[in-house]
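Letter by letter, the chains look like this.
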Amino acid sequence: MIKIEAIVRPESLDAVVEALGTLGHAGLNITDVRGHGRQKGMKELFRGREYENRFIPKIKIEVVVKDGVAEQAIDAVTAAARTGQIGDGKIFVSEVRDAIRVRTGERGDAAL
Ligand SMILES: Nc1ncnc2c1ncn2[C@@H]1O[C@H](COP(=O)(O)OP(=O)(O)O)[C@@H](O)[C@H]1O
Ligand SMILES: [Mg+2]
């Protein structure tokens, strides 16, 4: 299993979730976050104006998927979140050792 953590512009949330939905993902989490990338939040436009805060609001979408759909999911998220402008975000990919559905005790892919 692969965990995809995508930190993207808040306005791209719907497009990203829709793109993941077409791949048939099951659960996911979203979190409001604030952060900065290489530009340290200085030069980035947020909702049409240059943002003065060092930490710019983003949304983190976290989804764990089966190995076989991970690359498709990464491509889908990338395409949905890209505007080509500074601040489009970043995706972190990591391996997940196990998953457990608490209700049934199912593990691994069956628990997703
Ligand atoms: N190395 C990192 N570790 C953790 N979060 C990061 C990292 N780089 C970027 N982020 C998060 O991703 C958001 C978007 O980054 P972005 O400005 O698009 O990246 P960059 O400027 O490096 O291309 C940041 O606001 C921050 O929340
Ligand atoms: Mg940046």
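A quick note: this is a predicted structure, and the numbers were derived from the prediction, not measured.

Novice: What's the story with helix H2 (residues 70-81) in this structure? I'm lost.
Specialist: Because an α-helix completes one turn every 3.6 residues, residues spaced three or four positions apart along the sequence face the same direction. The end-to-end C-alpha distance of H2, which contains 12 residues, comes to 16 Å, matching closely the 16 Å that a straight helix rising 1.5 Å per residue would cover. Listed as buried for H2 are Ala70, Ala73, Ile74, Ala76, Val77 and Ala81. Angularly, the buried residues of H2 cover 165° about the axis, an arc narrow enough to put them on a single face. For H2, exposure combined with an orientation more than 90 degrees from the buried face picks out Glu71, Asp75 and Ala79.

Novice: Help me understand the sheet that holds strand S6 (residues 89-95), please; the structure alone is not making it clear to me.
Specialist: Backbone-to-backbone hydrogen bonds pair the strands of a sheet. The strands run either parallel or antiparallel. Taken together, the four strands give an open sheet; going across it, the order is S2-S5-S1-S6, and neighbouring strands pair in antiparallel fashion. Looking at strand neighbours, the two that pair on one side only are strand S2 (29-35) and S6, the edges of this open sheet. Between one strand axis and the next, the sheet turns by 20° as a mean value, whatever way the strands run. Across the sheet, helix H1 (residues 13-22) lies against S2 and strand S5 (56-65), angled at about 10° from S5, the strand it touches most. Packing of H2 onto the sheet brings it into contact with strand S1 (2-8), S5 and S6, and relative to S1 it is tilted by some 5°.

Calculation notes
- Residues numbered from 1 in each chain as written.
- Chains lettered and ligands numbered in written order.
- Predicted model: local features only at pLDDT ≥ 70, side-chain atom pairs only at ≥ 80, totals over all residues.
- Heavy atoms only, no water.
- Helix = DSSP H or I, 4+ residues; strand = E, 2+ residues; numbered from the N terminus.
- Expected span 1.5 Å × (residues − 1).
- Buried < 20%, exposed > 50% of the residue type's maximum accessible area, 1.4 Å probe, protein only.
- Arc of directions from axis to C-beta.
- Pairing = 2+ DSSP bridges.
- Axes fitted to C-alpha atoms, helices over the stretch in contact; angles between N-to-C directions.
- Contact = heavy atoms within 4.5 Å.

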